[in-house]
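Each chain, written out:
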Amino acid sequence: MTASSTAANAAARPPPAAPKASTAPATSVGPLTPHLYAPDAVRPLRAKEHFLHADTLVELHRHPWPQLTFSTRGVIRLSTQDGSYIVPPSRALWVPADVPHSVTLIEDAELRTVYLHGWLSPTWEKCEVLEISPLLRALMLALDTTPDGLPLADARAPQRERMIAPLLVDELERATQIRIDVPLPTDKRLRQLCEALLRNPANRSTLAERAVTIGASERTVARLFQQQLGMSWQQWRQQAVMAHALPLLARGMPVSQVASASGYATDSAFCAMFKAATGQSPTAFQHKRRPPESQR
């Protein structure tokens, strides 16, 4: 979306008094025992699975091997010191080795993590949001999830992992990379500006107006966005709006309310932005409540 089209489509009206996504997780848990799934030369791929409830925070942790994180259902947010990444079920997130990260469950989710031995993994140096192909999903789900110290569910799991590894990595490297993240700058003034928008995504102040609040010119701030984040102000703002909107959609908020809470004058303008960013309509990310047993 261009700057001119964004300005034309956005509204200055305040958002409705609607339920908001939680700002603090209700439950905090440790790093889910990654040491019990450490990959090695014999077992170069290790997988684990956990069902976690909405608003659970998996605390900040790190490990000396890279990982691929996804959910078979439910939207999650993975955060690093450089920003946050929204991961719906159609996506997976690559996290390099030794990168401190935490995970927040935006809704109930079946969380899957695949650890890769360093000798076979891609050499990506930063987190990447990836489109999951049917083959990649099948390969990840085929991996045994038994932790060390317990009998394997499949006695041939180590052999299968060694056979699956090269195909999984090849499919991983072919995956389309998608921006559903909100990077944060190191410059203190620019970070202040970014965090102000994250606190209130519906605020439609212009870049010039925001620049004044941090004692800089619009031109300086625009240059900092390119230098620090490799994107324009409008591109970054769109990512921030997405990070705000996805949790609201996952919690079942109507699209019209999400659009207004994100600063858009019309549903159609919001939906056009959303589909351009994700390839899907907002309704594809809305939580679908299961009907009662009597209605099935």
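Visitor: Residues and numbers for the sheet that holds strand E7 (residues 91-95), please.
Guide: The 5 strands are arranged E2-E9-E4-E7-E10 in an open sheet whose pairing can be described as antiparallel. Because the sheet does not close on itself, it has two edges, and the strands there are strand E2 (45-52) and strand E10 (128-131). Averaged over all adjacent pairs, the angle separating strand axes in this sheet is 25°, with direction ignored. As paired elements, E7 and E10 share 4 bridges and run antiparallel to each other. Paired with Ala-92 across the strands is Leu-130, a residue of E10. Lying over the sheet, helix H3 (residues 157-174) contacts E2, strand E4 (67-71), E7, strand E9 (109-116) and E10, oriented at roughly 75° with respect to E2.

Visitor: Which residues make up the pattern of salt bridges, and what values go with them?
Guide: Across all of its chains, the model carries 9 salt bridges by this definition. Linking Glu-49 and Arg-112 is a salt bridge whose minimum nitrogen-to-oxygen distance equals 3.1 Å. Placement of the pair is Glu-49 in strand E2 and Arg-112 in strand E9, with a sequence separation of 63 residues. On the basis of relative accessible area, Arg-112 is assigned to the buried category, the value being 11%. As a salt-bridge pair, Glu-131 and Arg-91 come within 2.8 Å of each other at their nearest N and O atoms.

Visitor: Let's hear about the packing of helix H7 (residues 233-250) against helix H9 (residues 267-278): which residues, and what values?
Guide: Running from amino to carboxyl end, H7 crosses H9 at an angle of 100°, the nearest separation of the two axes being 11 Å. Judged on the interaxial angle alone, H9 and H7 are roughly perpendicular. From H7, Gln-238, Val-241, Met-242, Ala-245, Leu-246 and Leu-249 reach across to H9, where they touch Phe-270, Met-273, Phe-274, Ala-277 and Thr-278. Looking at the contact of H7 with H9, its residues break down into 9 nonpolar, 2 polar and no charged.

Visitor: Explain the packing of helix H4 (residues 188-199) against helix H6 (residues 218-229) to me, and be specific about the residues and the numbers.
Guide: Packing of H4 against H6 brings their axes to within 10 Å, and their N-to-C directions diverge by 95°. Relative to H6, the element H4 lies roughly perpendicular. Facing H4, whose interface residues are Arg-189, Leu-190, Leu-193 and Cys-194, H6 presents Thr-220, Val-221, Leu-224, Phe-225 and Gln-228. Of the residues that constitute the contact of H4 with H6, the class distribution is 6 nonpolar, 2 polar and 1 charged.

Visitor: Describe in detail the nonpolar core, supporting the description with residues and values.
Guide: Counting residues in each nonpolar core, the largest one holds 43 residues, and the members touching the most others are Val-221, Phe-225, Trp-236 and Phe-270. Elements with a minimum of two residues in this core: H4, helix H5 (207-213), H6, H7, helix H8 (255-261) and H9. Looking at which element gives the most residues to this core, the answer is H7, with 11 residues. Once you skip the residues sitting within four places of it in the chain, Phe-225 turns out to touch Leu-190, Leu-193, Cys-194, Leu-207, Gly-230, Met-231, Ser-232, Trp-233 and Trp-236. Counting 22 residues, the second-largest nonpolar core is a separate cluster that includes Leu-45, Ala-92, Trp-94 and Leu-120.

Visitor: Account for H9, naming residues and giving values.
Guide: Between its first and last C-alpha atoms H9 spans 16 Å; for 12 residues at 1.5 Å apiece the expected length is 16 Å, and the two agree. Positive phi appears at Gly-279, one or two residues downstream of H9, with a value of about 85°.

Visitor: Explain the confidence of the model for the protein chain to me, using residue names and the numbers behind them.
Guide: When pLDDT is averaged across the protein chain, the result is 85; 88% of the residues are at 70 or more. The model gives residues 1-23 a pLDDT under 50, and that stretch makes 43 contacts with residues more than four places away or in other chains. Below a pLDDT of 50 lies the segment residues 289-296, which in the model reaches 3 contacts outside its immediate sequence neighbourhood of four places, other chains included.

Visitor: How would you explain the pairing of strand E5 (residues 76-80) if you had to name every residue and give the values?
Guide: Moving residue by residue along a regular strand, the side chains alternate between the two faces of the sheet. Counting buried positions along E5 yields 4 of 5 residues, so the element is predominantly enclosed. Taken together, the 5 bridges between E5 and strand E6 (residues 83-87) define a ladder with antiparallel strand orientation. For Ser-79, the partnering residue across the bridge sits in E6 and is Ser-84. If you look at the hairpin formed by E5 and E6, you'll find 2 residues sitting between the two strands. By the bridge criterion, 4 bridges tie E5 to strand E8 (residues 101-105) in an arrangement that is antiparallel. Each residue of the ladder has a partner; that of Leu-78, found in E8, is Val-103.

Rules used throughout
Residues numbered from 1 in each chain as written. Predicted model: local features only at pLDDT ≥ 70, side-chain atom pairs only at ≥ 80, totals over all residues. Heavy atoms only, no water. Pairing = 2+ DSSP bridges. Helix = DSSP H or I, 4+ residues; strand = E, 2+ residues; numbered from the N terminus. Axes fitted to C-alpha atoms, helices over the stretch in contact; angles between N-to-C directions. Contact = heavy atoms within 4.5 Å. Salt bridge = Lys/Arg side-chain N within 4 Å of Asp/Glu carboxyl O. Buried < 20%, exposed > 50% of the residue type's maximum accessible area, 1.4 Å probe, protein only. Parallel < 35°, antiparallel > 145°, perpendicular 65-115°, else oblique. Nonpolar A, V, L, I, M, F, W, Y, C, P; charged D, E, K, R; others polar. Core = buried A, V, L, I, M, F, W, Y, C linked by side-chain atoms within 4.5 Å. Expected span 1.5 Å × (residues − 1). pLDDT = per-residue confidence, 0-100.

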